[in-house]
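Chain and residue survey
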Amino acid sequence: MAETTINTLSGAIFAGLSCSCPRCGRGKLFQGFLTLRPRCEVCGLDYGFADAGDGPAVFVTFFAGFIVVGAALVTEILYRPPYWVHAALWLPLILIVTLGPLRPMKGLMIALQYYHKAGEGHLGGPGAP
Ligand SMILES: [Zn+2]
């Protein structure tokens, strides 16, 4: 099987943002909204190494907070709308800016984890007692 392997950082970033396999870039990474497949259906890469943890949620929360709070402050200062207008504007925006980038951000974190061969640290190495 002719298999291409991603070996550049930009390729890993693109594969991650497109929610594709971090090794071949063609297989799908997710089987649900955020549930990983057990392995790539194209190259067979086992996704057991992938553990994005809370990383994607943290970045998305910072990003969403910056946008929503900034927009709400600007709107309040400039227009002073009633509270129901704030609720009507910002609740949908919160859903969009949090749920929208969550999946690509998780794909990006996993692709970067694979590219940089990141894993859990452990004590003891070749020179350790
Ligand atoms: Zn693959």
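Scroll up to find the structure.
Heads up: these notes are all about the structure in this document.

Each value, and the rule that gives it
- Residues numbered from 1 in each chain as written.
- Predicted model: local features only at pLDDT ≥ 70, side-chain atom pairs only at ≥ 80, totals over all residues.
- Heavy atoms only, no water.
- Helix = DSSP H or I, 4+ residues; strand = E, 2+ residues; numbered from the N terminus.
- Rg over C-alpha atoms; globule rule 2.2 N^0.38 Å.
- Buried < 20%, exposed > 50% of the residue type's maximum accessible area, 1.4 Å probe, protein only.
- Contact = heavy atoms within 4.5 Å.
- Patch = residues over 30% accessible without salt bridge, like charges linked within 9 Å, V, L, I, M, F, W, Y side chains within 5 Å.
- Areas by Shrake-Rupley, 256 points an atom, 1.4 Å probe, with all protein chains shown as cover.
- Salt bridge = Lys/Arg side-chain N within 4 Å of Asp/Glu carboxyl O.
- Axes fitted to C-alpha atoms, helices over the stretch in contact; angles between N-to-C directions.
- Left-handed = near helix turned anticlockwise from the far one by under 90°.
- Nonpolar A, V, L, I, M, F, W, Y, C, P; charged D, E, K, R; others polar.
- Donors = N, O, S within 2.8 Å, 3.2 Å for Na, K, Ca; no water.
- Tetrahedral: all angles 85-135°; square planar, octahedral: opposite > 155°, others 65-115°.
- Phe/Tyr/Trp six-rings, centres within 6.5 Å; stacked < 30°, edge-to-face > 60°.
- Expected span 1.5 Å × (residues − 1).

Turning our eyes to something else, we now look at the overall build of the protein. If you tally the helices and strands in the protein, you get three helices and zero strands. Helices and strands appear in the protein in the N-to-C order α-α-α. In terms of overall size, the protein is more extended than a compact globule, its C-alpha atoms giving a radius of gyration of 20 Å where 129 residues would be expected to give roughly 14 Å. Dimensions of the protein, computed from the C-alpha atoms along their principal axes, are close to 60 × 45 × 25 Å. Across the 129 residues that make up the protein, the buried fraction comes to 29%. Long-range pairs, those at least 24 residues apart, make up 51% of the contacts in the protein between residues at least 6 apart in sequence.

A cluster of nonpolar side chains, Val 69, Leu 73, Val 74, Ile 77, Leu 78 and Tyr 79, forms an exposed patch at the surface whose accessible area comes to about 670 Å². Residue position: Leu 73 is located in helix 2 (residues 55-79).

For the rest of this paragraph, the subject is the side chain of Thr 75. Relative to the helices and strands, Thr 75 resides in helix 2. Ignoring any residue separated from it by four or fewer positions in sequence, one finds Thr 75 in contact with Arg 80, Pro 81, His 86, Leu 89 and Trp 90.

Moving on to the packing of helix 1 (residues 9-17) against helix 3 (residues 83-115). Contact geometry of helix 1 with helix 3 gives a least axis separation of 7 Å together with a crossing angle of 145°. Here the hand of the crossing between helix 1 and helix 3 comes out right-handed. Residues Leu 9, Ala 12, Ile 13, Gly 16 and Leu 17 of helix 1 pack against Pro 104, Gly 107, Leu 108, Ala 111, Leu 112 and Tyr 115 of helix 3. Here the residues of the contact of helix 1 with helix 3 sort into nine nonpolar, two polar and no charged.

Cys 21 (SG), Cys 24 (SG), Cys 40 (SG) and Cys 43 (SG) make up the full set of protein donors to the zinc ion, lying at 2.3 Å. In this structure, the zinc ion is surrounded by four donor atoms whose angles at the metal cover 107 to 116°, and the resulting shape is tetrahedral. One chain supplies every donor to the zinc ion, and in sequence these donors are spaced C-x2-C-x15-C-x2-C. Residue class for Cys 21 comes out buried when judged on its relative accessible area of 0%. Look at Cys 24 and you get buried, because its relative accessible area is 6%.

Evaluation of the coordinates by the stated rule reveals one aromatic pair. Ring centres of Phe 49 and Tyr 114 lie 5.5 Å apart, and the angle between their planes is 50°; this geometry places the pair in the tilted category. With a gap of 65 residues between them, Phe 49 in the loop between helix 1 and helix 2 and Tyr 114 in helix 3 connect regions that are remote in the sequence. Under the relative-accessibility criterion, Tyr 114 is labelled partly exposed at 24%.

Taking 1.5 Å as the rise per residue, helix 3 with 33 residues should run 48 Å; its terminal C-alpha atoms sit 46 Å apart, in good agreement. Buried within helix 3 we find Val 85, His 86, Trp 90, Val 97, Leu 102, Gly 107, Leu 108, Ile 110, Ala 111 and Gln 113. Packed against the buried residues of helix 3 are helix 1 and helix 2. Looking one or two places after helix 3, you find Lys 117, whose phi comes out positive at around 55°.

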